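Breakdown of the fold
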Amino acid sequence: MQKLKFISGLSIFTVIFLMGCSGGSSTTDNEFLGEFPSIENNYANQLDEKEQEIDECTDFAEAFKLEKEKKLLKEEKKQAVEEYLAANPLNKELPFQALADTKYTINKVEVDKASEGNLNIKFLITINEDMMGEYGSVEQSLYIYYKALDSKGEYIAKSRTVAVNFKRVKLVSGTEYEVVGTWQNNSIRNMEDFAEIVEVTKEEYDKNS
């Protein structure tokens, strides 16, 4: 019980300090995503190392100990992210490049919700002209395919994904529309040098999926 109280009371300062002492981890403060990607990345690295230790372990007692350490790391990570985001909400608009010659305008891109292992990105859109389907009916869904670039304009690994809206809405001229896409841990951990979002075609998305 005393150990559990200690874990639940572990402060974000202590967690980041421990991370910094483990394997030379460092924390980057990104202009738009703050230290969130660094926290995810530092813990992901530690968890990867712990998983490798477990895979290579042949002693049952030692494997049990390593599993407990892995569980503790996951708990620390969750608390570290929660405390950081509570004190540092991600509320800046995100730079973006939209495709040309579309029937809609992307007005704004922002973080919809961030939590441990998840970063939801919201696109606020205006439909400029009726979006007609193949058989003459009005389309009721829109997909925005996108990826992230770093400050050097290079593709950020595992960031290519799609934003959707599961509500069916007739996409006629003047409609205000929102779609949301998600980056998860394997993407977030690569975002320390995030600079902008770039809309891509479905063809590019399908080719690289």
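It should be noted that the structure appears before, not after, this text.
Nothing here was measured: the structure is a model prediction, and the numbers come from that model.

**Brief notes about the sheet that holds strand β5 (residues 161–163)**
Strand order across the open sheet formed by four strands is β1-β7-β4-β5, with mixed pairing between neighbours. Whereas interior strands pair on both sides, the edge strands pair on one side only; in this sheet they are β1 (96–97) and β5. Bridge count between strand β4 (residues 144–150) and strand β7 (residues 194–200): six bridges; the pairing is antiparallel. Looking across to β7, one finds that Lys147 is bridged to Val198.

**Description of the environment of Ile156**
Relative to the helices and strands, Ile156 resides in the loop between β4 and β5. Between the alpha carbons of Ile156 and Ala195 there is a distance of 9.7 Å; along the sequence they are 39 residues apart. Other than its neighbours up to four places away in sequence, Ile156 contacts Ala148, Leu149, Asp150, Asn190, Met191 and Phe194.

**Regarding the pairing of strand β3 (residues 118–127)**
Each regular strand carries side chains that alternate between the two faces of the sheet. Most of β3 sits out of view: eight of its 10 residues are buried. With 10 bridges joining them, strand β2 (residues 104–115) and β3 adopt antiparallel strand pairing. When the bridges of β3 are listed, Lys113 appears paired with Asn120. Here β2 folds back onto β3, and the loop between the two strands holds two residues, one of which, Gly117, carries a positive phi near 80 degrees. Where β3 meets strand β6 (residues 176–184), nine bridges bridge the pair, whose relative direction is antiparallel. Within β6, the residue paired with Asn118 across the bridge is Gln184.

**Points about the nonpolar core**
Side chains of a nonpolar character, in soluble globular proteins, are inclined to be buried together. Core analysis: the biggest nonpolar cluster contains 37 residues, and Ile121, Phe123, Ile125, Trp183 and Phe194 have the highest contact counts within it. Sequence-distant contacts of Phe194, defined by excluding residues within four places in its chain, comprise Asn30, Phe32, Leu33, Leu94, Ala148, Leu149, Ile156 and Trp183.

Parameters and conventions
- Residues numbered from 1 in each chain as written.
- Predicted model: local features only at pLDDT ≥ 70, side-chain atom pairs only at ≥ 80, totals over all residues.
- Heavy atoms only, no water.
- Pairing = 2+ DSSP bridges.
- Helix = DSSP H or I, 4+ residues; strand = E, 2+ residues; numbered from the N terminus.
- Contact = heavy atoms within 4.5 Å.
- Buried < 20%, exposed > 50% of the residue type's maximum accessible area, 1.4 Å probe, protein only.
- Core = buried A, V, L, I, M, F, W, Y, C linked by side-chain atoms within 4.5 Å.

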